[in-house]
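One-letter residues, chain by chain:
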Amino acid sequence: MMDTVEQSGAAEIAMIKVVAPNVALQVLDRAIQTHGGAGVSQDTFLAAAWASVRTLRIADGPDEVHMESIAKWELAKGKKSARGAGFALIMKICVVTRRKLDDTGEADASTGC
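Residues numbered from 1 in each chain as written. Predicted model: local features only at pLDDT ≥ 70, side-chain atom pairs only at ≥ 80, totals over all residues. Heavy atoms only, no water.

> Quick question: what am I supposed to make of the overall build of the chain here?
Helices and strands together make up the secondary structure of the chain, namely 3 helices and 0 strands. Starting at the N terminus and ending at the C terminus, the chain contains elements arranged as α-α-α. Within the chain, buried positions represent 18% of all 113 residues. Within the chain, contacts between residues separated by at least 24 positions form 51% of all contacts whose residues are at least 6 apart in sequence. (Helix = DSSP H or I, 4+ residues; strand = E, 2+ residues; numbered from the N terminus. Buried < 20%, exposed > 50% of the residue type's maximum accessible area, 1.4 Å probe, protein only. Contact = heavy atoms within 4.5 Å.)

> Help me out: how do you make sense of the pattern of salt bridges in this one?
Any two side chains of opposite charge can pair, on the condition that their charged atoms come close. The full count for this structure, using the stated rule, is 2 salt bridges. Between Asp 63 and Arg 57 there is a salt bridge, with the nearest N and O atoms lying 2.7 Å from each other. Accessibility expressed as a relative area gives 7% for Asp 63, which makes it buried. (Salt bridge = Lys/Arg side-chain N within 4 Å of Asp/Glu carboxyl O.)

> Would you take a moment to explain the packing of helix H1 (residues 10-35) against helix H2 (residues 46-59) for this structure?
The axes of two packed helices give the description: the angle between them and the distance between them. Viewed as axis vectors pointing N to C, H1 and H2 meet at an angle of 160°, and their least axial separation amounts to 10 Å. Considering the angle they form, H1 stands roughly antiparallel to H2. Two packed elements cross with a definite hand, and for H1 against H2 that hand is left-handed. Contacts between H1 and H2 involve Pro 21, Asn 22, Ala 24, Leu 25, Leu 28, Ala 31, Ile 32 and His 35 from the former and Leu 46, Ala 49, Trp 50, Val 53, Arg 54 and Arg 57 from the latter. Looking at the contact of H1 with H2 residue by residue, the classes come out as 10 nonpolar, 2 polar and 2 charged. (Axes fitted to C-alpha atoms, helices over the stretch in contact; angles between N-to-C directions. Parallel < 35°, antiparallel > 145°, perpendicular 65-115°, else oblique. Left-handed = near helix turned anticlockwise from the far one by under 90°. Nonpolar A, V, L, I, M, F, W, Y, C, P; charged D, E, K, R; others polar.)

> Help me understand a nonpolar patch on the surface in this model?
A grouping of Val 19, Val 23 and Val 27 is seen on the molecular surface, where their side chains present a nonpolar patch of about 250 Å² in accessible area. Overall, the relative accessible area of 41% leaves Val 23 in the partly exposed class. (Patch = residues over 30% accessible without salt bridge, like charges linked within 9 Å, V, L, I, M, F, W, Y side chains within 5 Å. Areas by Shrake-Rupley, 256 points an atom, 1.4 Å probe, with all protein chains shown as cover.)

> Just checking my understanding: could you explain the nonpolar core for this structure?
Taken as a class, soluble globular proteins show a tendency for nonpolar side chains to be buried jointly. Ranked by size, the top nonpolar core spans 6 residues in total: Leu 25, Leu 28, Ile 32, Leu 46, Ala 49 and Val 53. Those elements giving two or more residues to this core turn out to be H1 and H2. Not counting residues within four places of it along the chain, the set of residues in contact with Leu 25 comprises Trp 50, Val 53, Arg 54 and Arg 57. (Core = buried A, V, L, I, M, F, W, Y, C linked by side-chain atoms within 4.5 Å.)

> Help me understand the side chain of Asp 63, please; the structure alone is not making it clear to me.
As for its placement among the helices and strands, Asp 63 is situated in helix H3 (residues 63-104). When residues no more than four places from it in sequence are discounted, the contact partners of Asp 63 are Lys 17, Val 18, Asn 22 and Arg 57.

> Before we go on, may I ask you to explain the environment of Ala 47 in this structure?
Here Ala 47 is to be found in helix H2. We classify Ala 47 as partly exposed; its relative accessible area is 22%. In this structure the C-alpha to C-alpha distance between Ala 47 and Ile 32, which are 15 residues apart in sequence, comes to 7.6 Å. For Ala 47, the contacting residues outside a window of four places in its chain are Gly 39, Val 40 and Ser 41.

Next up, the structure:
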């Protein structure tokens, strides 16, 4: 799927690889609990389904690897937005400082704006 999806979808794919198998395991675990001892016997498909989904979690890559990559993308996204917000704040300070300088009629080179 990564071949057909551009790089911006990589974070969403990693999130799906973490959430989908975990949700499937939770559903199967509840079904096994509901069926009691029969849930883990060969009489139902539940034990085999649980083993298959658990194997899928390992085969798709450990959850920790996916969660680490998601965290890196989220932190990078936060840095970009924080950088933009910081620039906007500096620009607002410069505008306010220039207005004050314009009101007094004096120039001050210490503002850097």
